[in-house]
Amino acid sequence: MLYKRSSELFAAAQQVLPGGVNSPVRAFNAVGGHPIFIKEAQGAYLTDEDNRKYIDYIASWGPLILGHAYPPVIEAVTERAKKGTSFGIPTEVEVQIAELAVSMVPHIDKIRFVNSGTEACMSAVRLARGYTGREKIIKFAGCYHGHSDAFLIEAGSGGATFGSPNSPGVTQGTAKDTLLANYNDLASVKTLFEANPQQIACVIIEPVAGNMGCVPPAEGFLEGLRQLCTENGALLIFDEVMTGFRLAKGGAQEVFGIKADIVTFGKVIGGGLPVGAFAANKEIMSYLAPEGPVYQAGTLSGNPLAMSAGLAMLTALNEQPEVFDSLAKKTSYLHEGFDNVLKRAGFPYQINSFGSMFTLFFAEEPVTDFASSAKSNTARFRKYFHGMLREGIYLPPSAFESYFLNDALTYEDLDKTIGALNRVIMEL
């Protein structure tokens with residue numbers, strides 16, 4: 001049995017953890033079977049509890065852009081831990097990482113650190129509402145901004161009824177203040193503004209979507225959003241939990257040349273530890289407590305362990321900007337290799353990639369939004385996923401999640417992955 005120890009651990013976990021996991025996608029419900037349990041990781045590779053080795057294409061869902069156990073991060077965390085792990089009192093490292101982040105990202109003056117991407121997005125929306133004095137927000141079907149109530153309205157891969165909560169426990173009252181638009185569809189956004197004049201506080205968006213698979217913005221889409229927000233007095237929030245410090249030093253704002261009013265971060269900014277952040281200009285951030293009336297707090301916000309890991313990661317990226325070009329080239333190489341294999345397969349597929357984000361869809365039409373993503377052949381994806389897993393390739397266990405490449409991947413790893421796909425596709 002390939003996954004004997006993992007299966008034993010999952011059985012034990014189910015007795016003490018809901019569904020046997022601490023985050024739903026890990027349970028393999030979308031692909032069937034039992035999840036594997038990881039014992040350790042190094043560079044581009046995972047090792048499970050059965051001592052099987054995998055080439056990793058999730059990188060802890062994005063943060064490990066330079067690979068697992070990146071030495072400067074491990075050294076920073078180790079040295080910091082020797083001096084204490086948490087104080088609930090300001091530390092110098094908070095100032096250092098804040099100064100560095102503000103210097104790397106355009107259009108921000110101040111940043112507030114929190115503990116997760118969910119917390120960052122939740123706080124950013126509260127700040128936008130406090131700043132504008134308005135209550136409604138616009139989000140996009142298929143974009144996931146964490147599990148705060150306001151965001152669980154057709155979020156990610158949940159196939160919910162339009163305008164209804166995705167989850168029990170989210171009230172209809174909360175849902176009515178979240179307006180849904182279609183990704184890459186400016187007309188749907190304009191209609192919402194026209195129907196709710198002077199009521200919309202902000203538009204929040206993943207500038208490159210990653211929670212319905214990788215879906216890049218259409219030409220002119222982000223520019224159009226910026227214009228609509230400006231014309232209607234609403235703030236534009238870029239959720240860069242995935243794209244921040246991954247697409248470029250300055251994230252999507254730098255890549256697309258679009259100014260966001262508030263930006264949220266997570267993943268890379270923590271170097272593998274739990275960190276989130278939100279940032280804006282001085283005027284908007286002045287509304288945040290203790291300077292202003294919009295309250296947000298957290299005992300572990302700015303935790304010195306997390307800040308030390310994040311500072312080491314951002315320092316490396318700031319000093320080695322060629323990493324982003326390297327990652328883009330590796331992603332393009334994988335894209336081309338997959339394309340060459342799949343052209344011979346005889347069934348429909350689509351590949352979306354942007355920067356170091358990548359998704360293979362078993363779909364007949366181009367995937368440009370949540371509706372087209374949802375048409376993917378999930379049964380075929382399940383077979384593909386488990387086939388690649390047996391080949392030693394760890395992919396996201398969902399048809400609606402982006403792959404995240406890390407720069408520890410070698411071209412030999414990419415060739416092994418393409419070769420594995422060739423064998424798996426022959427079986428399909």
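Per an unreviewed UniProt entry, the protein chain carries the name Glutamate-1-semialdehyde 2,1-aminomutase and comes from Capnocytophaga ochracea. Its UniProt record gives the protein chain the following Cofactor (unreviewed entry) comment, quoted word for word: "pyridoxal 5'-phosphate".

J.: What is the right way to read the overall build of the protein chain from this model?
T.: When helices and strands are tallied, the protein chain shows 14 helices and 14 strands. Once the C-alpha set of the protein chain is aligned to its principal axes, its extents read approximately 60 × 55 × 45 Å. Counting across all 428 residues of the protein chain, residues that qualify as buried make up 55%. Once local pairs closer than 6 in sequence are excluded, the contacts in the protein chain between residues at least 24 apart make up 71%. Entry remark: accessible area of the protein chain is about 17700 Å², with carbon and sulfur atoms responsible for 52%. Charged side chains in the protein chain number 35 positive and 44 negative. The centres of these two groups are separated by 4 Å.

J.: Just to check I follow, could you spell out unusual backbone geometry for this structure?
T.: Most peptide bonds take the trans form, and the phi angle of most residues other than glycine is negative. Here the amide bond leading from Ala 289 into Pro 290 is cis, since omega sits at 10°, within 30 degrees of zero. Position of Pro 290 relative to the elements: it lies in the loop between α9 (282-285) and α10 (304-319). Not every positive phi belongs to a glycine, and Ser 60 is a case in point at roughly 60°. Mapped onto the elements, Ser 60 comes out in the loop between β3 (53-56) and α2 (71-81). With a relative accessible area of 35%, Ser 60 lands in the partly exposed category. A positive phi is found at Asn 184, a non-glycine position, where the angle reads about 65°. Counting through the fold element by element, Asn 184 comes out in the loop between β6 (178-181) and α6 (186-195). Its relative accessible area of 21% is what places Asn 184 among the partly exposed residues.

J.: Even after reading the chapter, I still don't get the sheet that holds strand β11 (residues 350-354), so can you show me in this structure?
T.: Backbone-to-backbone hydrogen bonds join strands into a sheet, with any given pair of strands oriented parallel or antiparallel. Reading across the sheet, the 3 strands line up as β11-β12-β14 and stay open at both edges, with antiparallel pairing between neighbours. If you trace the sheet from one side to the other, it starts and ends with β11 and β14 (403-404), each paired once. The pairing of β11 with strand β12 (residues 357-361) spans 5 bridges and is classified as antiparallel. Considered in β12, the bridge of Phe 354 is made with Met 357.

J.: Please clarify how the environment of Ala 399 should be interpreted in this entry.
T.: On the secondary structure map, Ala 399 appears in the loop between β13 (393-394) and β14. Measuring from C-alpha to C-alpha, the distance between Ala 399 and Val 105 comes to 31 Å, with 294 residues separating the pair along the chain. Not counting the four nearest positions on each side in its chain, Ala 399 is found in contact with Thr 359, Phe 361, Thr 378 and Phe 381.

J.: Explain the confidence of the model for the protein chain to me, please; I cannot follow it from the model alone.
T.: A low pLDDT score tells you not to read the predicted coordinates there in detail. Averaged over the protein chain, the pLDDT score is 94; the fraction of residues at 70 or greater is 97%. Predicted confidence is poor over residues 156-163, with pLDDT under 50, and the contacts of this stretch with residues over four places away or in other chains come to 19 contacts.

J.: What's the story with the packing of aromatic side chains in this structure? I'm lost.
T.: In this description, a pair of aromatic rings is defined by centroid distance and the angle of the planes. Counted by the stated rule, this structure contains 16 aromatic pairs. The interplanar angle of 45° and the centroid separation of 5.3 Å between the aromatic rings of Phe 358 and Tyr 403 together place this pair among those described as tilted. Of this pair, Phe 358 sits in strand β12 while Tyr 403 sits in strand β14, placing them 45 residues apart in sequence. Here the aromatic residues Phe 28, Tyr 54, Phe 347, Phe 362, Phe 381, Tyr 384, Phe 385 and Tyr 394 are joined through ring pairs into a cluster of three or more. Across from the ring centre of Phe 347, 4.2 Å away, lies the NZ or CZ of Arg 380, which sits over that ring.

J.: Help me understand the UniProt feature "modified residue: N6-(pyridoxal phosphate)lysine" (unreviewed entry) in the protein chain, please; the structure alone is not making it clear to me.
T.: In this numbering, the UniProt entry assigns the feature "modified residue: N6-(pyridoxal phosphate)lysine" (unreviewed entry) to Lys 267. Tracing the chain through its elements places Lys 267 in the loop between β9 (262-265) and β10 (276-280). Excluding residues within four positions of it along the chain, Lys 267 makes contact with Trp 61, Gly 62, Pro 63, Val 241, Met 242, Gly 272 and Val 275. A polar side-chain atom of Lys 267 sits 3.5 Å from the main-chain carbonyl oxygen of Trp 61.

Cut-offs applied
- Residues numbered from 1 in each chain as written.
- Predicted model: local features only at pLDDT ≥ 70, side-chain atom pairs only at ≥ 80, totals over all residues.
- Heavy atoms only, no water.
- UniProt positions renumbered as here; feature names shortened; annotations may be inferred.
- Helix = DSSP H or I, 4+ residues; strand = E, 2+ residues; numbered from the N terminus.
- Buried < 20%, exposed > 50% of the residue type's maximum accessible area, 1.4 Å probe, protein only.
- Contact = heavy atoms within 4.5 Å.
- Areas by Shrake-Rupley, 256 points an atom, 1.4 Å probe, with all protein chains shown as cover.
- Lys, Arg positive; Asp, Glu negative; His and termini not counted.
- Charge placed at Lys NZ, Arg CZ, Asp CG, Glu CD.
- Pairing = 2+ DSSP bridges.
- pLDDT = per-residue confidence, 0-100.
- Phe/Tyr/Trp six-rings, centres within 6.5 Å; stacked < 30°, edge-to-face > 60°.
- Lys NZ or Arg CZ within 6 Å of the ring centre and 35° of its normal.
- Polar contact = N/O pair within 3.5 Å; in protein donor to acceptor, adjacent residues only side chain to side chain.

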